[in-house]
Amino acid sequence: MTSISQTLTAQSPRLTPRRVPISAYVIAGGVAVLFVALVAQVFFRTGLASWSVGIAYIAYDSALLIFTGTKTWKLMRAGHVTNPKASPGGARPTLGVIIAAHNEAGVLGITIDTLANQSDPPDLILIADDGSIDDTPAELKRLYGLEMPALGALSDPAPGLATLRWLRVPHGGKARALNAAIQRVDTDIVLTVDADTLLDDGALAAMRGAFAAEPQLVAATGVLRPICGPRLSGRIFQWFQTYEYVRNFLSRYAWMRVDSLLLISGAFAAFRRDALIAVGGFDPACLVEDYELIHRLHRHSTDKGLGWKVRVIGAATARTDAPASLMAFLRQRRRWFGGYLQTQYWNRDMIGNPRFGSLGTAQMPVKTLDTLQPIYGIAAFIILAVLVLSGKFYLAWPILLVMIAKIIFDLAYHLWSLRLYARWTGQTEGLGWGWAIVAAILEPFTFQLLRHAGATWGWWMVLTGRETWGRQRRTAIEGVGR
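Values in this document were obtained by computation on a predicted structure and should not be read as measured data. (Residues numbered from 1 in each chain as written. Predicted model: local features only at pLDDT ≥ 70, side-chain atom pairs only at ≥ 80, totals over all residues. Heavy atoms only, no water.)

A. Inspection of unusual backbone geometry at higher detail. The backbone of Asn103 sits at a positive phi, close to 55°, despite the residue not being glycine. Tracing the backbone shows Asn103 in the loop between strand E1 (95-101) and helix H4 (105-116). With a phi close to 55°, Asp259 is a non-glycine residue in the positive phi region. Here Asp259 lies in the loop between helix H8 (232-257) and strand E7 (268-272). (Helix = DSSP H or I, 4+ residues; strand = E, 2+ residues; numbered from the N terminus.)

Below you can see the structure in the form of structure tokens.
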């Protein structure tokens, strides 16, 4: 029998590289050359032309917003169904939840209880314990009567919660823990939930219904909302990240409309188990194992002509613990962007490749442009700051007027997106228009620069080979219990 690691070797372009078409080199090289050419304009041109890198950045970002707007417009239609449910006579797939956990004693209880108390509870809740050395054994014993199994062994069901079991594996990272767990699960659907993610009631029912309604659906993400804790810094970061998450999940819906969705949040994601096994599970070498996996699912579907689908399910919502301080936020974005760069490089044969449909000809070129988008943004800001500090206001004022026009455009899109999001997910908490207007005005000069700084740090991490997951401190969920 082929092991999951052997399957990964065969399926992964990292381990078994594919031939890279010339289109990939042309697109990637063009992005880099264009950046150098645009930045150079500050030395050779006057007026707005000297800020060509900023104009290009604004035009590109606006084009993406227009694309998202056109593809999400159907959410405004009365009676439009975006969250399919299983037909009355359809088979009800079994569903198991895996919680990958390393030293998560403070949050496991509330996470498990939230899953167990769903209106449509899972058939299995499996804790994939990645070599925890904290109070996890004591907490699981106290809360559920679970006895600690040997390393590599699966516990008996919990006396008070028969669907709950515990798998202990040596510490090797989240991906290895998940791979060990999916080989022990026998449910049709495997749902991964981070230990700091709390599902809203009905989320599992929506996921199960989506898979029951569409046999070709192999991966789906729920819609996440960030929570950052009660401190002032936490409230500020939650404020900005809430609006960011709204835009990001609407963007995922837009790419889903053209069969090119790549970004599935492992904090709350569901997969057909057979598909997971077929592509080799999660890659332990990737900083963003959930994102990388979706590339392999798309690749395998194309290779075999399977017509697999990847979706975002608006009715499946959850809250997840998000960074609540400057350094925590920067470290998260460093890891996210570093993993994105890894994955983009490993899958460079898909860039501009028509064999992969719109994924190859649209999404992957856009992702290639995205690799330098934060560098474009920071360069544009630095050039503007230098012009202002050097007293060249005759150049700075036209640039500021363009930025004001962009802010107005973004604000209009932002307010409209909040309405779309509420209609799609039913979520309205924390999405008032008053604070949304303030956030839209401040974001280009604050939060957006922090995102770019974290991404630039991700570039440095990858280029220097200092790739690390890091440790994220819980700020909103830890300590919440029974």
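B. Quick peek at the nonpolar core. The biggest cluster of nonpolar side chains holds 113 residues, and the ones touching the most others in it are Phe271 and Leu297. In terms of residue count, H8 provides more of this core than any other element does, 10 residues in total. (Core = buried A, V, L, I, M, F, W, Y, C linked by side-chain atoms within 4.5 Å. Buried < 20%, exposed > 50% of the residue type's maximum accessible area, 1.4 Å probe, protein only.)

C. Layout of H8. If you check H8, its first and last C-alpha atoms are 38 Å apart, about what 26 residues at 1.5 Å a residue would give, namely 38 Å. Phi turns positive, to about 55°, at Asp259, one or two residues after H8. (Expected span 1.5 Å × (residues − 1).)

D. Main features of a nonpolar patch on the surface. Nonpolar side chains collect at one region of the surface, where Trp435, Ile437, Val438, Ile441 and Leu442 lie side by side and expose about 440 Å² of accessible area between them. Turning to its location among the elements, Ile437 is positioned in helix H15 (residues 433-442). Given the relative accessible area of 32%, Ile437 is considered partly exposed. (Patch = residues over 30% accessible without salt bridge, like charges linked within 9 Å, V, L, I, M, F, W, Y side chains within 5 Å. Areas by Shrake-Rupley, 256 points an atom, 1.4 Å probe, with all protein chains shown as cover. Salt bridge = Lys/Arg side-chain N within 4 Å of Asp/Glu carboxyl O.)

E. Highlighting the sheet that holds strand E2 (residues 124-130). Read across the sheet, 8 strands follow the order E3-E2-E1-E4-E7-E6-E8-E5 without closing on themselves; strand pairing throughout is mixed. Both edges of this open sheet fall to strand E3 (164-169) and strand E5 (197-199), since each of them pairs with a single strand only. Across the sheet, the mean angle from the axis of one strand to that of its neighbour is 30°, orientation sign disregarded. Sheet topology places strand E6 (residues 217-227) next to E7; 3 bridges connect them, and they run antiparallel. Across the sheet, the residue bridging to Ala219 is Phe271, located in E7. Packing against the sheet, H8 makes contact with E6 and strand E8 (309-321), and its axis sits at approximately 160° to E6. (Pairing = 2+ DSSP bridges. Axes fitted to C-alpha atoms, helices over the stretch in contact; angles between N-to-C directions. Contact = heavy atoms within 4.5 Å.)

F. Just the pairing of E1, in detail. With 7 of its 7 residues buried, E1 lies for the most part within the structure. Residues Leu95, Val97, Ile99 and Ala101 point to one face of E1 and Gly96, Ile98 and Ala100 to the other, with burial holding for every one of them. Where E1 and strand E4 (residues 189-194) come together, 6 bridges link them in parallel fashion. Bridged to Leu95 within E4 is Ile189. Of the crossover connections in this fold, the one passing from E1 over H4 to the parallel E2 is right-handed. (Right-handed = clockwise from strand over helix to strand, strands pointing away.)

G. Just the pairing of E4, in detail. The element E4 is extensively covered by neighbouring structure, given that 6 of its 6 residues are classed as buried. In this structure, E4 lies alongside E7, joined through 5 bridges in antiparallel fashion. Residue pairing for E7: Val190 is matched across the bridge by Phe271.

H. Geometry of the packing of helix H10 (residues 289-304) against helix H11 (residues 326-346). The geometry of H10 relative to H11 is characterised by a closest axis approach of 9 Å and an angle of 20° between their N-to-C directions. Taken together, H10 and H11 sit at an angle that is classed as roughly parallel. Remark: the crossing between H10 and H11 carries right-handed chirality. Residue-level contacts link Tyr291, Glu292 and His295 of H10 to Tyr340, Thr343 and Trp346 of H11. Its residues assigned to classes, the contact of H10 with H11 shows 3 nonpolar, 2 polar and 1 charged. (Parallel < 35°, antiparallel > 145°, perpendicular 65-115°, else oblique. Left-handed = near helix turned anticlockwise from the far one by under 90°. Nonpolar A, V, L, I, M, F, W, Y, C, P; charged D, E, K, R; others polar.)

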